[in-house]
Amino acid sequence: MWSMVVALCAILVAGGCARTPPEAALREAVAAMEAAIDARDARAFVRHLDHEFIGPGGMDRDGARRTAALYFLQHTNIGLVPGPLSIDLHDTRAQVSFTAAVTGGNSRLLPERGQVYEVRSGWRLRDDEWRMTSIEWTPKLR
């Protein structure tokens, strides 16, 4: 009986140590970035950016942090509603695409600004964590 209990515990511990599947880990990373935006936390946001991150106009990781911090200062209320994620996995790299509605302003009742974007982002698995390597977005409303 004792050996069955030990074997069962070993199976449970081994199962608990299993890695999160890549697609689920990417979804968690995107959700963490969304939570950082909701919390208006630029430092938490850039934790998910790769050190070799390149954004629009050649923006680097520090530029992304500064831009996020400036946006948070300019807008008391920020809203981000991402659509369903489309994930294309290739070993240790991935592309995540989605549509996002973004609003910002200083009014508590209605946003002063808003736009819907088509977003494409590149990701790399580094040190067992998915890091965003690139992002581009296209406005959908004119």
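These figures come from a predicted structure and were not determined experimentally.

*Asks:* How do you make sense of the environment of Ile 87 when you look at a structure like this?
*Replies:* Residue placement: Ile 87 occurs in strand β3 (residues 86–90). As a C-alpha pair, Ile 87 and Arg 120 span 33 residues in sequence and 10.0 Å in three-dimensional space.

*Asks:* In this structure, what is going on with the pattern of salt bridges? I would like to understand it.
*Replies:* Close approach of charged atoms allows side chains with opposite charge to pair. One pass over the structure, following the stated rule, counts 9 salt bridges. Where Asp 50 meets Arg 126, a salt bridge forms, and the shortest distance between an N and an O atom there is 2.8 Å. In this pair, Asp 50 is assigned in strand β1 (residues 49–54) and Arg 126 in strand β5 (residues 113–126), connecting sequence segments 76 residues apart. Classification of Asp 50 as buried rests on a relative accessible area of 0%. For the salt bridge of Glu 52 with Arg 124, the shortest nitrogen-to-oxygen distance reads 3.3 Å. With Glu 52 in strand β1 and Arg 124 in strand β5, this pair connects stretches of sequence that are 72 residues apart. Bridged by salt links that share partners, the residues Asp 50, Glu 52, Arg 124 and Arg 126 form one connected network.

*Asks:* Sorry, what's going on with the confidence of the model for the chain here?
*Replies:* Reading predicted coordinates in detail is not appropriate for stretches of low pLDDT. For the chain, mean pLDDT is 83; residues scoring 70 or higher make up 82% of the total. Considering only residues more than four positions removed or in separate chains, one finds that residues 1–17, a stretch of pLDDT under 50, has 0 contacts.

*Asks:* For this particular structure, what's the right way to read the nonpolar core?
*Replies:* The tendency in soluble globular proteins is for nonpolar side chains to be buried as a group. Of all hydrophobic cores here, the largest spans 29 residues; its most connected members are Leu 26, Phe 45, Leu 49, Val 96, Trp 123 and Met 132. Breaking this core down by element, the ones donating at least two residues are α2 (22–38), α3 (42–46), β1, α4 (61–74), β2 (77–82), β4 (93–105), β5 and β6 (129–139). Ranked by residues supplied to this core, first place goes to α2 with 7 residues. Excluding residues that lie within four positions of it along the chain, Leu 26 makes contacts with Ile 87, Leu 89, Ala 94, Val 96, Trp 123 and Trp 130.

Scoring rules and cut-offs
- Residues numbered from 1 in each chain as written.
- Predicted model: local features only at pLDDT ≥ 70, side-chain atom pairs only at ≥ 80, totals over all residues.
- Heavy atoms only, no water.
- Helix = DSSP H or I, 4+ residues; strand = E, 2+ residues; numbered from the N terminus.
- Salt bridge = Lys/Arg side-chain N within 4 Å of Asp/Glu carboxyl O.
- Buried < 20%, exposed > 50% of the residue type's maximum accessible area, 1.4 Å probe, protein only.
- pLDDT = per-residue confidence, 0-100.
- Contact = heavy atoms within 4.5 Å.
- Core = buried A, V, L, I, M, F, W, Y, C linked by side-chain atoms within 4.5 Å.

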